[in-house]
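# Structural features, examined
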Amino acid sequence: MKKIFFILITALLTIGLAACSSSAGTNASKGKADRKLTIYTTIFPIQDFTEKIGGSHVNAQSVYPANADAHSFEPSSKTMVEMAEGDAFIYSGTGAEAFADKTAATLKDQGVKTVKAAQGIKLLSTKEEHAHEEDEDHDGHEHGDKDPHAWLDPVYAQQMAKNIKDTLVSLDPDHKDEYTKNYESLKKELQSLDQEFKTTLSKAQHKEILVSHAAYGYWEKRYGIEQISVLGLSASEEPSQKQLENIVKQAEKHHIKYVIFENNVSSKVSDTIRSEIGAKSLTLKNLESITEEDAKNGESYVSLMKQNLNTLKTALND
């Protein structure tokens, strides 16, 4: 089915590009100096970093609507045609976006620059990530070999920002100095964020959090916390009855008082566990996409990550 979808998309792109040839000529006649780059992106951090580094020279648009689940989203044919008119398509390349690799291949054939923002990052092995679960006779969830949520690590976010900066420079070398300056400013913010996470989480009274979605393995590796997850790396990976029993045991063993949900993932199973152990609810933002309210408020990767850190402070110190 997906193969047929992408064959149709390729045909639509060819028609769409032919229809847009006259408008492309008009854009070219404006001259390179006053034309903004149009960059299509996936997850929110890529859009945010592209906007911050690109400044007034770049128009960055995420293909995700508010509260989209990165693992299951598929772009419409209209969106694909729009993406084919852009200068570049930047996606994480971590495996988070189910549609992205095939879409990138299709767009590349149409002359669009395609970039994996996480290029050069060593993704966390799920076997390593869930070793503590195996030690405690926990089955774990069945999923891929790598955790795709690398953008939640502020250190890896710096690498992603650099890859985005390099992309903009390659597309528009005339503004290299400005892109580099903006990137250096963003890098300092991300370094400060990393230090804030280290300092805050090192002082936590305990290390365990109970989350609805296993998106936080990079925080385990970087900052020493431990996630006990109800769903797997994808929100469609629900636990077996035995796994549910083990999750409840773990929660009771560690005296966990909160179940942490996400703005773009709903889970009746997680809510059942919350009721079972008498826990309260908190919310973390996995930053795959953001809410309409956060967009309206002009929230950034850094500001939302600081909100996440405040949530962790509550969960780990009560």
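Residues numbered from 1 in each chain as written. Predicted model: local features only at pLDDT ≥ 70, side-chain atom pairs only at ≥ 80, totals over all residues. Heavy atoms only, no water.

For the chain, an unreviewed UniProt entry supplies the name Adhesin and the organism Bacillus xiamenensis. Looking at the chain in UniProt, the text filed under Sequence similarities (unreviewed entry) is "Belongs to the bacterial solute-binding protein 9 family." (UniProt positions renumbered as here; feature names shortened; annotations may be inferred.)

### Description of unusual backbone geometry
Located in the positive-phi region is N67, a residue other than glycine, with phi close to 65 degrees. Within the secondary structure, N67 sits in the loop between β2 (58-62) and α4 (77-84). The phi dihedral of L287 is positive, around 65 degrees, even though this residue is not glycine. Relative to the assigned elements, L287 resides in the loop between β10 (280-284) and α13 (292-296). (Helix = DSSP H or I, 4+ residues; strand = E, 2+ residues; numbered from the N terminus.)

### As for the packing of aromatic side chains
Taken as a whole and assessed by the stated rule, the structure comprises ten aromatic pairs. Measuring from ring centre to ring centre gives 5.1 Å for F49 and Y301, while their planes differ by 70 degrees; the resulting arrangement is edge-to-face. With F49 in helix α3 (residues 44-54) and Y301 in helix α14 (residues 301-316), this residue pair connects regions lying 252 residues apart in the sequence. Judged by its relative accessible area of 1%, F49 falls in the buried class. (Phe/Tyr/Trp six-rings, centres within 6.5 Å; stacked < 30°, edge-to-face > 60°. Buried < 20%, exposed > 50% of the residue type's maximum accessible area, 1.4 Å probe, protein only.)

### Some details on the nonpolar core
Among the nonpolar cores identified, the biggest contains 73 residues, and F49, I53, F89, F197, W219 and Y301 are the most heavily contacted of them. With eight residues, α14 is the single largest residue contributor to this core. In this structure, F49 is in contact with A157, A161, I164, L186, L190 and Y301, ignoring residues within four places of it in sequence. Counting residues in each nonpolar core, the second largest holds 17 residues, with I256, F261, I273 and I277 among its members. (Core = buried A, V, L, I, M, F, W, Y, C linked by side-chain atoms within 4.5 Å. Contact = heavy atoms within 4.5 Å.)

### Describing the packing of α4 against helix α5 (residues 100-109)
In helix packing, the relevant descriptors are the interaxial angle and the interaxial distance, both defined with respect to the helix axes. Put simply, α4 and α5 touch, their axes get as near as 10 Å, and they point 50 degrees apart. Considered as vectors, α4 and α5 are oriented oblique to each other. In the packing of α4 onto α5, the handedness of the crossing is right-handed. Every residue of α5 that contacts α4 at M80, M83 and A84 is listed here: T103, T106 and L107. Taken together, the residues of the contact of α4 with α5 break down into four nonpolar, two polar and no charged. (Axes fitted to C-alpha atoms, helices over the stretch in contact; angles between N-to-C directions. Parallel < 35°, antiparallel > 145°, perpendicular 65-115°, else oblique. Left-handed = near helix turned anticlockwise from the far one by under 90°. Nonpolar A, V, L, I, M, F, W, Y, C, P; charged D, E, K, R; others polar.)

### Thoughts on the sheet that holds β10
Reading across from one edge, β8-β7-β9-β10 is the order of the four strands in this open sheet, with parallel pairing throughout. Only two strands of the sheet have a single neighbouring strand rather than two, namely β8 (226-229) and β10. Here the strands of the sheet are splayed against their neighbours by 40 degrees on average, with no regard to which way each runs. With respect to the sheet, helix α12 (residues 268-277) is in contact with β7 (208-211), β9 (258-262) and β10, its orientation differing from that of β9 by roughly 165 degrees. Packing of α14 onto the sheet brings it into contact with β7, β9 and β10, and relative to β10 it is tilted by some 150 degrees. (Pairing = 2+ DSSP bridges.)

### A look at the pattern of salt bridges
Evaluated as defined, the whole model comprises eleven salt bridges. Among the ionic pairs, K52 bridges to D48, the shortest N-O distance being 2.7 Å. Of this pair, K52 and D48 both sit in helix α3, four residues apart, which is roughly one turn of the helix. We classify D48 as buried; its relative accessible area is 3%. K306 is the partner of E196 in a salt bridge, and the nearest nitrogen-oxygen pair spans 3.9 Å. Taken as a pair, E196 in helix α9 (residues 176-202) and K306 in helix α14 lie far apart in primary sequence, 110 residues in all. You can call E196 partly exposed: its relative accessible area is 31%. The class for K306 is partly exposed, based on a relative accessible area of 36%. Ionic contacts of the salt-bridge type, sharing partners, join the residues K162, K165 and D166 into one network. (Salt bridge = Lys/Arg side-chain N within 4 Å of Asp/Glu carboxyl O.)

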